[in-house]
Amino acid sequence: MTSRTVRAEEISVRLAIVPDEQLEQGSLMSPRNPSSARRETSVWIRRSGLGSDSQLEEHVTALVRLVNGCREELTRLSVDCDLELCLGFGSENGQGGCVLTAHLLAGVGGLGLDIVLDLYPPT
């Protein structure tokens, strides 16, 4: 989640979920470089907690379960925050895929989350 008006710390409190990372608006992009740019938005990040060997659908399911009880608060946060479920996918040979079922996508949509798909080409 990102916001120009809601602090990341406030998102944690309102959802009652501990993030994996929270970065506040105005903080340094690179804390070890005092000359680095400052963040334009607060950023709240929670990962699925599953290993990289898990299927993409399993990661999405875990995150949907985590925030499912926060539906009303997510709706309130959506006024001032961008709510995104960021999915990264890569394959060693350039082939591969996944299935996100209609039921799972309905669950994501019902929570008001946008899906951002980040594809990584083979190296």
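Rules and cut-offs
- Residues numbered from 1 in each chain as written.
- Predicted model: local features only at pLDDT ≥ 70, side-chain atom pairs only at ≥ 80, totals over all residues.
- Heavy atoms only, no water.
- Core = buried A, V, L, I, M, F, W, Y, C linked by side-chain atoms within 4.5 Å.
- Buried < 20%, exposed > 50% of the residue type's maximum accessible area, 1.4 Å probe, protein only.
- Helix = DSSP H or I, 4+ residues; strand = E, 2+ residues; numbered from the N terminus.
- Contact = heavy atoms within 4.5 Å.
- Salt bridge = Lys/Arg side-chain N within 4 Å of Asp/Glu carboxyl O.
- Patch = residues over 30% accessible without salt bridge, like charges linked within 9 Å, V, L, I, M, F, W, Y side chains within 5 Å.
- Areas by Shrake-Rupley, 256 points an atom, 1.4 Å probe, with all protein chains shown as cover.
- Pairing = 2+ DSSP bridges.
- Polar contact = N/O pair within 3.5 Å; in protein donor to acceptor, adjacent residues only side chain to side chain.
- Lys, Arg positive; Asp, Glu negative; His and termini not counted.
- Axes fitted to C-alpha atoms, helices over the stretch in contact; angles between N-to-C directions.

**As for the nonpolar core**
Buried together is how nonpolar side chains tend to be arranged in soluble globular proteins.
Then, number 1: Grouped together as the largest cluster of nonpolar side chains are 22 residues, with contacts concentrated most on M1, I11, L15, V60, L74 and L77.
Then, number 2: Among the elements that make up this core, the one with the highest residue count is helix α2 (residues 56–67) (5 residues).
Then, number 3: Every residue in contact with V60, bar those within four places of it in the chain, is listed here: L85, L87, L100, L104 and V108.

**Concerning the pattern of salt bridges**
Any two side chains of opposite charge can pair, given that their charged atoms come close.
Then, number 1: If you walk through the whole model with that rule in mind, you get 8 salt bridges.
Then, number 2: The shortest N-O distance in the salt bridge between D20 and R46 comes to 3.9 Å. Of this pair, D20 sits in the loop between α1 (8–15) and β2 (21–23) while R46 sits in the loop between β3 (42–45) and α2, and the two are 26 residues apart along the sequence.
Then, number 3: The partly exposed category is assigned to R46, whose relative accessible area is 31%.
Then, number 4: Beyond isolated ion pairs, a larger network of salt bridges with shared partners links E10, R14, E73 and R76.

**Things to note about a nonpolar patch on the surface**
Then, number 1: A cluster of nonpolar side chains, contributed by L105, I115, L117 and L119, occupies part of the molecular surface with about 360 Å² of accessible area.
Then, number 2: In terms of residue count, strand β5 (residues 114–120) provides more of the nonpolar patch than any other element does, 3 residues in total.
Then, number 3: Here L119 lies in strand β5.
Then, number 4: The exposure class assigned to L119 is exposed, which follows from its relative accessible area of 57%.

**Comments concerning the pairing of β3**
Then, number 1: Pairing of strand β1 (residues 2–3) with β3, which is carried by 2 bridges, proceeds in the antiparallel orientation. When the sheet's bridge partners are listed, T2 is paired in β3 with V43.
Then, number 2: Pairing of β2 with β3 involves 3 bridges; the strand directions are antiparallel. When the bridges of β3 are listed, L23 appears paired with V43.

**Comments concerning the environment of S48**
Then, number 1: Secondary-structure assignment places S48 in the loop between β3 and α2.
Then, number 2: Excluding its chain neighbours within four sequence positions, the residues that come into contact with S48 are H59, A62 and L63.
Then, number 3: Side-chain polar atoms of S48 contact the side chain of H59, separated by 2.5 Å.

**Focus on the side chain of H59**
Then, number 1: In this fold, H59 is placed in helix α2.
Then, number 2: The class for H59 is buried, based on a relative accessible area of 16%.
Then, number 3: Non-local contacts of H59, meaning those with residues more than four positions away in its chain, are made with S48, L50, G51 and S54.

**Structural notes on the side chain of R39**
Then, number 1: Positionally, R39 belongs in the loop between β2 and β3.
Then, number 2: Buried within the structure, R39 lacks any salt-bridge partner; E21 is the closest side chain of opposite charge, at an N-O distance of 6.5 Å.
Then, number 3: In this view, R39 contacts L23, E24, Q25, G26, S27, L28 and M29; residues no more than four positions away in its chain are not counted.

**Some remarks on the sheet that holds β2**
Then, number 1: Taking strand neighbours across the sheet as the criterion, the 3 strands line up as β1-β3-β2 in an open arrangement whose pairing is antiparallel. For this open sheet the edge positions go to β1 and β2, each flanked by a neighbour on one side alone.
Then, number 2: Against the sheet, α1 touches β2 and β3, its axis set at about 40° to β3.

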